[in-house]
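# Reading the structure
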Amino acid sequence: MALEHITVLDLTHMLSGPYGTMLLADLGARTIKVEPPGSGEGTRRLLENDPDYSRDGMGAYYLTLNRNKHSVCIDLKSEAGLAVFHDLVRSADVVFDNFSVGVTRRLGIDYASLAAINPGIITCSVTGFGSTGPDTQRPAFDQVVQAMGGGMSITGTPEQGPTRSGIPIGDLGGGLFGAIGVLAALAERERTGRGQHVDVSMLDAQVSLLNYMATMHLMSGIVPAGIGNSHFVHVPYNSYPTEDGHIIVACIGDAFWQRFLECIDLPALRKPEYDRQPGRYAAKAEIDALVGAELRTRPTAYWLQKLSAARIPCGPVNNFRQALDDAQVRARDMVVEVPLKAGGAIQMPGNPVKLSAAEPKPFGSPPELGEHTDAVLGALPGYGSGKLASLRAAGAIA
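The structure contained in this document is the topic of the report that follows. (Residues numbered from 1 in each chain as written. Predicted model: local features only at pLDDT ≥ 70, side-chain atom pairs only at ≥ 80, totals over all residues. Heavy atoms only, no water.)

It is the rolling of a water-molecule-sized probe over the atoms that shows where space remains empty. Approximately 750 Å³ is the volume found for the second largest pocket. Met-1, Asp-26, Pro-360, Lys-361 and Phe-363 are the residues nearest the centre of the second largest pocket, which is lined by 31 residues in total. For the lining of the second largest pocket, the secondary structure elements donating two or more residues are helix H1 (16-26), strand S2 (30-35), strand S5 (69-73) and strand S12 (335-339). Grouping the constituent residues of the lining of the second largest pocket by class yields 13 nonpolar, 8 polar and 10 charged. (1 Å grid on protein atoms, 1.4 Å probe; cavity = no way out; pocket = protein on both sides within 12 Å on 5 of 7 lines; lining within 4 Å. Points joined across faces, edges and corners; volume = space filled by probe spheres on them. Helix = DSSP H or I, 4+ residues; strand = E, 2+ residues; numbered from the N terminus. Nonpolar A, V, L, I, M, F, W, Y, C, P; charged D, E, K, R; others polar.)

Here we come to the pattern of salt bridges. For the structure on display, the rule yields 19 salt bridges. Its salt-bridge partner being Glu-35, residue Arg-44 comes within 2.8 Å of it at the nearest N-O pair. Each member of the pair, Arg-44 as well as Glu-35, carries the same accessibility label: buried. A salt bridge links Arg-280 to Asp-254; its shortest N-O distance comes to 2.9 Å. A residue pair is termed long-range when its members are at least 10 positions apart, and Arg-280 in helix H10 (residues 277-282) and Asp-254 in helix H9 (residues 254-264) qualify at 26 residues. (Salt bridge = Lys/Arg side-chain N within 4 Å of Asp/Glu carboxyl O. Buried < 20%, exposed > 50% of the residue type's maximum accessible area, 1.4 Å probe, protein only.)

Spatially, 6 strands are ordered S5-S2-S1-S6-S7-S8 in an open sheet, and the strand pairing comes out parallel. At either margin of the open sheet sits one strand with a lone partner, and together these are S5 and strand S8 (197-201). Strand-to-strand twist across the sheet, computed as the mean angle between neighbouring axes with direction ignored, equals 20°. Relative to S8, strand S7 (residues 122-127) runs parallel, the two being bridged by 5 bridges. The residue of S8 that forms the bridge with Cys-124 is Val-198. (Pairing = 2+ DSSP bridges. Axes fitted to C-alpha atoms, helices over the stretch in contact; angles between N-to-C directions.)

Right, here's the structure in full:
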């Protein structure tokens, strides 16, 4: 696989960091999760006893985010444990964390400290606000950066007020950009031989995702408001109720409008002023009301067949069951089976990055706490059984 020559030391916890290292592990990186002795990483305990959302004493968070990883228990707060970690760094490529700003420096595992041991090491820190600026010490979780990044203000409607994204895009965005940053640093190291630090702010990620809409505001000074599922340019472009669900119709441009008229065949829509986008946008409320009333008369499947035959962009508003059972999703291996240590397997989302040169490999089980401590450390020079026993007795490893 593309990254099978890369070793990642994974110091992450909760969601943003583990998602970033999960992406790297899915691409083949040997990912060693370094966990504190005792309870391990925080999400191990999350939902661990829930009858619906846990298996083998691990909750859905941990099971999903830690597939394909190894677990090593090291007490980084002890002198002996820190020395063990430094020995791992000597042969590693990446150290990935999402601690608060300043924690890695206090522990002696920041980029400057680790680069002195291994000049090729790449470190990545995903934090709420990054390592520069006035808010570096401000705590943040997903919804905080969703709100501060502007995206919540255009989600929902003015009547509803700001609405968070249904998926934790604040956390996931941080992990995604962290993985991208690591890949960029690895590519540069191929040219220079030197590592570097990757500094990712979850807030930065949210602002980046505003993309062209941020540019529109900066050009005009206009502050956009929430417009629900409709579009600020195109009409009809919205979610509409059907007889048995909801459907998305996305008519972008005048040509699609003409095709749409042939499908829906409502005389009230055949006004000359609607033939061009400005006229349709001026009558957006009226058009949406007419389209919505008509689509409500038939089931979703009827409209999907009719609109798809006319090559009009459309789709059902799927719930989780429908989305994960979709034939296209299944054909792309976006639902995969991950084996469990105790036997059996669970299903979870697959890897969206398809590389033509990569041979398909089965997913690895999420590790038990410290499962690979002896195997990983035992491969290091000077780490025989006696030394491992001594370190374990001192509480430096587990």
